[in-house]
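Single-letter residue listing:
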Amino acid sequence: MKTYRIILAAAATTALLAATSCQEEDTNVWSGGNASLTAGGVDRLDYDPLTWQMTASEDGTFTAFKEDASVWYKVTCEHIPQNVGEKVKASVSWVEKAGGSPQYQNGMNMKVKSINRDSGMMTLISVTNKTSVTIHMVK
């Protein structure tokens, strides 16, 4: 009987640690449904559909920018991912202040966190780099 309790306790502990790990992974990187860029665990830019535009090209380059092009972010993927959980190597660059210098995160291993096929929006995350970015898929 003691053996079963020990095994059950070990299994419960493992399950709890796995669940906690996943929650931390998600909350440290991805803030939710709004299109945005988070890099290094810091919210950098929030897409506003009233004042921003998004573009996508078939070569795997995705851009979101304010209409005056003062702030923007660009994602370049080695291929265009299609499914949740799919992995892709990508680079992200951005300017978060008008007149600011571009910042870069190159060669990140990212995965597709979510896809909303109705809106055409996809969120990519890199837990290692604490980065998430929303892009508009090619139709």
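Look up a bit, the structure's there.
Cut-offs applied
- Residues numbered from 1 in each chain as written.
- Predicted model: local features only at pLDDT ≥ 70, side-chain atom pairs only at ≥ 80, totals over all residues.
- Heavy atoms only, no water.
- Helix = DSSP H or I, 4+ residues; strand = E, 2+ residues; numbered from the N terminus.
- Buried < 20%, exposed > 50% of the residue type's maximum accessible area, 1.4 Å probe, protein only.
- Areas by Shrake-Rupley, 256 points an atom, 1.4 Å probe, with all protein chains shown as cover.
- Core = buried A, V, L, I, M, F, W, Y, C linked by side-chain atoms within 4.5 Å.
- Contact = heavy atoms within 4.5 Å.
- Phe/Tyr/Trp six-rings, centres within 6.5 Å; stacked < 30°, edge-to-face > 60°.
- Salt bridge = Lys/Arg side-chain N within 4 Å of Asp/Glu carboxyl O.

Chemist: It is not clear to me how the overall build of the protein should be interpreted in this structure. Could you clarify?
Modeler: When helices and strands are counted, the protein shows one helix and nine strands. Ordered by position in the sequence, the α and β elements of the protein form the string α-β-β-β-β-β-β-β-β-β. Residue burial in the protein is summarised as follows: out of 139 residues, 32% are buried. Here the protein has roughly 8,400 Å² of accessible surface; of this, 53% comes from carbon and sulfur atoms.

Chemist: I would appreciate a short explanation of the nonpolar core in the present structure.
Modeler: Where a protein is soluble and globular, its nonpolar side chains tend to be buried together. Ranked by internal contacts, the top residues of the largest apolar core, which has 26 residues, are Tyr-73, Val-75 and Leu-124. Breaking this core down by element, the ones donating at least two residues are strand E1 (36-39), strand E3 (52-56), strand E4 (61-66), strand E5 (72-77), strand E6 (87-95), strand E7 (103-116), strand E8 (121-126) and strand E9 (131-136). When neighbours within four sequence positions are excluded, Leu-124 is seen to be in contact with Val-75, Cys-77, Pro-81, Val-88, Met-110, Lys-111, Val-112, Lys-113, Thr-131, Ser-132, Val-133 and Ile-135.

Chemist: Please explain the packing of aromatic side chains as it appears in this structure.
Modeler: To describe a pair of aromatic rings, you give the distance between the ring centres and the angle between the ring planes. The full count for this structure, using the stated rule, is two aromatic pairs. Summarising the aromatic geometry, the rings of Tyr-47 and Trp-52 are spaced 6.2 Å apart at their centres and angled 70° between planes, so their arrangement reads as edge-to-face. On the basis of relative accessibility, which here comes to 6%, the residue Trp-52 falls in the buried class. An aromatic cluster of at least three residues, connected via ring pairs, comprises Tyr-47, Trp-52 and Tyr-73.

Chemist: Mind showing me how you'd approach the pattern of salt bridges here?
Modeler: The tally for this structure, following the rule as stated, stands at one salt bridge. Residues Arg-44 and Glu-96 are paired through a salt bridge, measuring 3.2 Å at the closest nitrogen-oxygen approach. Here Glu-96 lies in the loop between E6 and E7 and Arg-44 lies in strand E2 (residues 42-46), a separation of 52 residues in the sequence. With a relative accessible area of 24%, Arg-44 lands in the partly exposed category. For Glu-96, a relative accessible area of 26% gives the class partly exposed.

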